Amino acid sequence: MEIMGIRIPTIVKDNVAVRCDGCLEVIDGSPWRLNVLDVVAAETPVSWAGRPAINPGPFQFHRDAAHVRTWMAKRGWLFCRRGEIREIMRPIPIPGDEPRLALCDGIHRDDHELIPA
Ligand SMILES: [Zn+2]
Ligand SMILES: [Zn+2]
């Protein structure tokens, strides 16, 4: 708007820019939010000390699954290609020398097919 020749900016941009957890660039518009569910309890209860701590999010991304895959790849996580990147992902603990996680949307009923993100 303009009052007596002086432009008054009425829309003040929020200074707190939301950054994409994948490419670390500022997200213009509404971010894609992703939450990671808790690891499903194993056959024996795991003590709090032995429980891998997962930050459940929400993590925020550009509206592009590739950015989520970038973020997973940086963490060394795997992606189940039977599913898709969705707002809520289920973690699959992968045992090994270096325990890591795979993420799956948990919707398909057959076996997971894990590939590097
Ligand atoms: Zn991004
Ligand atoms: Zn799966």
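Here's what I pulled together on the structure shown here.

### What to know about the nonpolar core
Right, on to step 1. Residues L34, F61, M72, W77, F79, A102 and L103 are the most contacted members of the largest nonpolar core, which totals 16 residues.
Right, on to step 2. At the level of elements, β3 (32-36), β4 (59-61), α1 (65-74), β5 (78-80) and β7 (100-104) are the ones that each hand at least two residues to this core.
Right, on to step 3. Every residue in contact with L34, bar those within four places of it in the chain, is listed here: G57, P58, F59, F61, V68, E87 and M89.

### Structural notes on the sheet that holds β3
Right, on to step 1. Taken in spatial order, the six strands make up an open sheet running β4-β3-β6-β7-β5-β8, and their pairing is mixed. Here the strands that pair on one side only, and so sit at the sheet edges, are β4 and β8 (114-116). Averaged over all pairs of adjacent strands, the angle between their axes in this sheet comes to 35°, without regard to strand direction.
Right, on to step 2. Where β5 meets β7, two bridges bridge the pair, whose relative direction is parallel. Opposite F79, over in β7, you have L103 as the bridge partner.
Right, on to step 3. Against the sheet, α1 engages β3, β4, β5, β7 and β8, with an angle of about 130° to β4.

### Concerning α1
Right, on to step 1. Those residues of α1 not exposed but buried are H67, V68 and M72. For α1, the angular spread of the buried residues around the axis is 140°, confining them to a single face. Away from its buried face by more than 90 degrees, α1 exposes A66 and K74.
Right, on to step 2. In this structure, the buried side of α1 is in contact with β3, β4, β5 and β7.
Right, on to step 3. Backbone geometry just downstream of α1 places G76 in the positive-phi region, at approximately 75°.

Conventions we followed
Residues numbered from 1 in each chain as written. Chains lettered and ligands numbered in written order. Predicted model: local features only at pLDDT ≥ 70, side-chain atom pairs only at ≥ 80, totals over all residues. Core = buried A, V, L, I, M, F, W, Y, C linked by C-beta atoms within 7 Å. Buried ≥ 20, exposed ≤ 12 C-beta atoms within 10 Å, placed from the backbone. Helix = DSSP H or I, 4+ residues; strand = E, 2+ residues; numbered from the N terminus. Contact = placed C-beta atoms within 7 Å. Pairing = 2+ DSSP bridges. Axes fitted to C-alpha atoms, helices over the stretch in contact; angles between N-to-C directions. Arc of directions from axis to C-beta.

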